[in-house]
Structures are given as structure tokens and as C-alpha cells.
Amino acid sequence: MIFAEPHHPLTAYPPAATDPGGPKKAAPSMIDDLWYKNGVFYCLSVGTYMDANGDGIGDFKGLLRRLDYLNGLGVTAIWLMPFQPSPGKDDGYDISDYYGVDPRYGTLGDFVEFTHGCAQRGIRVIIDLVVNHTSDAHPWFRDARSSPDSPYRDWYVWADKKPANANTGMVFPGVQKSTWTRDKEAGAWFFHRFYDFQPDLNTANPHVQAEILKIMGFWIQLGVSGFRMDAVPFVISTKGPKVRKPVEQYDMLRSFREFLQWRQGNAIILAEANVLPETDMEYFGDDGDRMHMMFNFYVNQNLFYALASSDSRPLAKALNATKPRPATAQWGLFLRNHDELDLGRLTKAQRDVVFKKFGPDKNMQLYDRGIRRRLAPMLGGDRRRLELAYSLMCTLPGTPVIRYGDEIGMGDNLDLPERNCARTPMQWSTEPHAGFTESDKPCAPVIEKGPYGYDHINVAKQRRDPNSMLNWTERIIRMRKEVPEIGWGDFRVIAARDPAVLVIRYDWRNNSVLFVHNLDEKPREVSFAVGLSGEAGKLLVNLLTEDHSHANDRGKHTLMLEGYAYRWYRVGGLDYLLKRSDIDTDATGKTSHPA
């Protein structure tokens, strides 16, 4: 058995709770250490953020100079897309050296200065861990293809002849033709779940697993607080020419987790795993002993269906389906990321609704399953809808993950191929090339024309406008961090008797908050009860405006919601910090004991 389950006394995971319906309770002593439970993550690419040396490519020196901007925005963690040496055929996800910095971005010294600058400002750093595959230019693969006797031969997945299933399982249908390619030098076929220049690592090989731990340890030593692990279901799946139906080797996740807990106790792994709810616990582990965080793709897809259809019911169903998780685990909530908006988990009818609303042209769609646009143009540049979408992301169960540029409503360039359309340089000012670089040849074209051109959409202009998208985002981030009930508490979707309206309540440590969203462009009047006993639910104090709500004699609140409206309420008043318990309590105020 390759993946033994080691047991040792310092693996201090909390006991599992008996209630399968919600987050399991952790021991009170652990509660303040899990920094990611109430954080705000910000994803960026070094190469498109800020160019300090004028060569047209963003670098760590430029990023270091923008840390005060990010600190002012209020983010608590920066997620860096790949910056290691790479031929750059897949935006850095084809890595040729796991232990370096691409010279275009700087040196290891520049990286350490960056992580040090983040630490000074209380910002953590997580980096992409891309270990499902390497670049075909990686020395391991070059050695592996050179001879069947190479010590690296078994680090990859080979076949003597083309496997029968070579034309199935492509990640990029319509662009990718096969998952097996013949290598002339090796005289054999190699497996690649992604592009043909990205040979898959044989992750079942103990030597490969040991190297993955070494990679993690290296970057932890240089100041990172964890990893966003790319393509986790593929990393842990069995691979080979005879594998017809891959089997996930979940024990591998525990070995990654245990290594991190030993090397640096508060380091985390945020898993990219677009899986169905019934397998979520396999990735988290019943006792929270596998992945710390996962992106909630299931909620993400249903969220966009809700925005497209003005129907909250499938979203509410998705929230309840993904509710069970260990106390130490957390969801990553996002709107758009650096990939396409994957709609593969929706029904065909639902997918068609989203395509029609947000990506009607074939040029806006990708891989027969998704939309490649940025958020602002998808929502027609409508400020009301953008605020609604961000309010939802910040108030659904989990930790929000913001994509760089979305805080100012950046657009996309559909003339660029595939996913590159939404990976254009950050727009800082009205200076040439949006203040991103002094070079006349930026690494990617800056958006110059149309309503999303940098003359109209940039940081400097929005910084001067108190009502700008940027300043609104900064305020909403600050408020989100002051509502830890979302990150820590249990939630309940409350019936509003109107499918266009989503009402959700969180309870944590003797406090409750409640959020209301109108997904329709038309005004709605809704009536509901908070659902707490006694006087607790009679007063709702609005955290964003002076529009508070008092319940009627029957304990019901009646709200008039304008189109695309959102409300953030604290239940019972603003003396909540005086009422907050130091230990977990349930909604009735009774102490919740670990099982």
C-alpha cells in the first residue's frame, strides 16, 4: 500500500461531530488559529500586475511597490499564479523548474523581499502548486525520454502503443485532440491530461510524492503560508494505459496535509477540485485531516444560474448540498477566476440560460462548457448587478476570493485566444499602457478601446471618486471581515416565498447576522421571520445604510427591495461584541460541546 495512513500524537485534528447537517464543531482552543476561515483572498499574476524594470513584463519588484494598495484594499492573503521558470505555453502552468523564479519576474531574492513586505503588512501569501504535470522542457522529462533505464522514466506515465482510450477525457475539448502523444525520442506514448506539452507526473510513484513534499517545504521556508493546488482530482487519480476509470487516491491528500502540519502548523492547501457534493468530504476528510480549503465550484455555477434566471432555489439547494464540512475546513467562494466560467455541473437547460444571458456569442464560450469573459462585461457593466454579485460572494458560506482587476470592474479582450482574453494587464492609471509598464511592448495587450479601456477604468481615477467600484469594494471587504459569523458560523436559508429573493442567516458565538438579496431587476416586497426565539429576531440593524427593520406583532419583517438590492443585517443591535461568547454556542445560546 503506497499511501499508508501514519498516526502520531501531534496530528491534533478535532473530533468529528455527530451532526452531519452542518460544519462540525472544533475544540474552542483551535478557534482563533485558523486564519483562512475569515480571510479575504486576492488572486493575481505577477507578469500582468506591475512592471518595475520596463521590459513589458510584470515582476516581483513591481508587485512589492503595489503592496500598500493591496493592504489598503483590505485583503488578508495574496494568491500568486505560477511564477516559476516556464516556456510559457500555458501561462506558466507548464513549469520547467519548481525551485526557482522565472528570470522575467525577478530572482529568489526578489521573491523573499516580496514575502517579507507582505509579512510586514500582515498579508499572507499562497502560491500555485502545479504538480499534476510538468513542462516537456523540464529536466525530469528530458531525462525520462532519453532512455527506458532513466531514473526519471517512472516519474511519468508511458505506454508502448497508443491506448484505446486516448481520445477521451480531454480537459480542453475542441482544442486538445488526445490525452496520449507519441514521443519520438522515447519511442513510446506519454499521458497528458492537459496539453501535449504538459506530460503528467506519475503521482502514484513514491519518489514523485516525496518530491512534491520537498517542493512544498522549499516555498514554506521562503515565507509562503500555503498553496492553491491545481487540478487536485487529476493529481490523486490513478493513471496508466490500462486505467479505464481512474480511482482517486484520497490518502495522498492526508500525506500532503500532515507534512504541512509538521513543517508549519498554520500553512494551508486550497484545492481546485470541481467535484460533486457527495465527494466533498473525501477531499476535506471526515476529521478535517485532508484539504483545508476547496473552491466551491458547485455553488459558483448555481450562483451564475441564479444571476441569469433570477431564481434563487437551485442556489439554495447547492448551498445546503455543500453544507457538511469539518470545523477546520472552509470553502473558497469566487465569482470569476483566471480560467473560464465552468458550467459543466448545471443541467443543459440551466447552462443554456446562462449562455444566453452572459455569453450569447460563440466567441464568448470555451471548451463547450464555459464562458471566458470577465465579470463586468458579463453583467453588462451594470453597477447594481456587480454590487449584487459581490455582495453574494462575500455573504455566502466561505472565504471570498477576488480576481485582480475585478475591484475596479476591468473588462476583457475577446480577440485574444482562449483564456487569455481575461488575463490582460492591471489598469492603474491613464498613463501609457495603463501605468502597467513603460515598455512599448507589454507582455499582453492592455485594454485600450471601448467602455473598459484604461482611460475609463483605472485605479487612479476610481481612487479619487468616493462612489467608485474600487472604494465600494474596499468598504465591503472591511465590513466582511467584521462579520466573522459567515466564515465560522452555521447557516440557514430562510423561506422568503419569492424565488427571486435569497435570505440567509448565520449563527456563531451567541450572535446572528442575516443577508437578503433580490436577484431580479424588478422591485420585490418580501415578508419573513428571522427564526430565532424570544426578542432575538425583532430588530435587524442594517450594516451598510440607515435602513433598519423592526418586526411586526407576529415577529415578521417586511422589506421593500429595489431591483438587484442587497441588505446586510446584524440581528438584535450593535452591542453584539458585548454579547459574543468565547466558546461556540448554538442558535439558542446553549453551549455546543465537541462530540
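Please read all numbers here as calculations on a predicted model, not as lab measurements. (Residues numbered from 1 in each chain as written. Predicted model: local features only at pLDDT ≥ 70, side-chain atom pairs only at ≥ 80, totals over all residues. Heavy atoms only, no water.)

**Student:** Explanation requested: the overall build of the chain in the structure shown.
**Tutor:** The helix and strand tally for the chain stands at 17 helices and 22 strands. The globule rule puts the C-alpha radius of gyration for 595 residues at 25 Å, and the 24 Å found for the chain is close to it. A buried classification covers 62% of the 595 residues belonging to the chain. Contacts in the chain between residues far apart in sequence, at least 24 positions, make up 69% of those at least 6 positions apart. When the accessible surface of the chain is split by element, carbon and sulfur atoms take 50% of a total near 23700 Å². Counting 73 positive and 75 negative side-chain charges, the chain places the averaged centre of each group 4 Å from the other. (Helix = DSSP H or I, 4+ residues; strand = E, 2+ residues; numbered from the N terminus. Rg over C-alpha atoms; globule rule 2.2 N^0.38 Å. Buried < 20%, exposed > 50% of the residue type's maximum accessible area, 1.4 Å probe, protein only. Contact = heavy atoms within 4.5 Å. Areas by Shrake-Rupley, 256 points an atom, 1.4 Å probe, with all protein chains shown as cover. Lys, Arg positive; Asp, Glu negative; His and termini not counted. Charge placed at Lys NZ, Arg CZ, Asp CG, Glu CD.)

**Student:** In this structure, what is going on with the side chain of Ser549? I would like to understand it.
**Tutor:** Assignment of secondary structure puts Ser549 in strand S20 (residues 549-550). Of the residues examined, Ser549 reaches a relative accessible area of 4% and is grouped as buried.

**Student:** Which parts of the structure should I look at to understand the sheet that holds strand S13 (residues 370-371)?
**Tutor:** Within a beta sheet, neighbouring strands are joined by backbone hydrogen bonds and run either parallel or antiparallel to one another. Ordered by their spatial adjacency, three strands build an open sheet running S11-S13-S12, and the pairing between neighbours is antiparallel. At either end of the open sheet lies a strand with only one pairing partner, and these are strand S11 (341-342) and strand S12 (365-366). Pairing geometry for S11 and S13, over two bridges, is antiparallel. Bridge pairing in S13 links Leu341 to Ile371. (Pairing = 2+ DSSP bridges.)

**Student:** I tried to follow helix H15 (residues 469-481) on my own but got confused; where do I start?
**Tutor:** Given 3.6 residues per turn, any residue in an α-helix points the same way as the ones three and four places further on. A rise of 1.5 Å per residue sets the reference length of H15, with its 13 residues, at 18 Å; its end C-alpha atoms lie 18 Å apart and thus fit the reference within 8%. For H15, the tally of buried residues reaches ten of 13 residues, placing the bulk of the element in the interior. Where H15 is buried, its residues touch helix H2 (67-73), helix H13 (383-395), strand S14 (399-403), helix H14 (459-463), helix H16 (485-488) and strand S22 (566-571). (Expected span 1.5 Å × (residues − 1).)

**Student:** Where do I start with the sheet that holds strand S1 (residues 41-44) in this structure?
**Tutor:** The eight strands lie next to each other as S1-S2-S3-S7-S8-S9-S10-S14, forming a closed barrel whose pairing is parallel. Each strand axis lies, on average, 25° off the axis of its neighbour in the sheet, ignoring direction. Note that S1 and strand S2 (residues 77-80) share four bridges and pair parallel. When the sheet's bridge partners are listed, Cys43 is paired in S2 with Trp79. Here helix H5 (residues 206-221) sits on the sheet and contacts strand S3 (124-129), strand S7 (226-229) and strand S8 (268-271); the angle it forms with S7, its principal contact strand, is near 135°. (Axes fitted to C-alpha atoms, helices over the stretch in contact; angles between N-to-C directions.)

**Student:** Got a minute to help me understand the pattern of salt bridges in this structure?
**Tutor:** When the charged atoms of two side chains with opposite charge come close together, those side chains can pair. Considering all chains together, one arrives at 32 salt bridges under this definition. Salt-bridge contacts for Asp342 lead to Arg369; the nearest nitrogen and oxygen are separated by 3.5 Å. In this pair, Asp342 is assigned in strand S11 and Arg369 in the loop between S12 and S13, connecting sequence segments 27 residues apart. Since its relative accessible area comes to 17%, Arg369 is described here as buried. Note that Arg570 and Glu485 form a salt bridge whose closest N and O atoms lie 3.0 Å from each other. Taken together, the positions of Arg570 in strand S22 and Glu485 in helix H16 put the pair 85 residues apart, joining distant regions of the chain. Residues participating in the shared-partner salt-bridge network are Asp128, Arg228, Asp230 and Glu272. (Salt bridge = Lys/Arg side-chain N within 4 Å of Asp/Glu carboxyl O.)

**Student:** Looking at this structure, how should I read the layout of surface pockets?
**Tutor:** If you roll a probe as big as a water molecule over the atoms, it shows you where there is empty space left. The computed volume of the largest pocket comes to approximately 910 Å³. Forming the boundary of the largest pocket are 42 residues, of which Val171, Pro233, Phe234, Asn274 and Asp342 lie nearest the centre. Taken together, the elements giving at least two residues each to the lining of the largest pocket come down to helix H6 (232-235), helix H9 (297-309) and S11. Per-class residue counts for the lining of the largest pocket are 17 nonpolar, nine polar and 16 charged. What the second largest pocket holds in volume is close to 570 Å³. Residues that form the lining of the second largest pocket fall into these classes: eleven nonpolar, eight polar and eight charged. (1 Å grid on protein atoms, 1.4 Å probe; cavity = no way out; pocket = protein on both sides within 12 Å on 5 of 7 lines; lining within 4 Å. Points joined across faces, edges and corners; volume = space filled by probe spheres on them. Nonpolar A, V, L, I, M, F, W, Y, C, P; charged D, E, K, R; others polar.)

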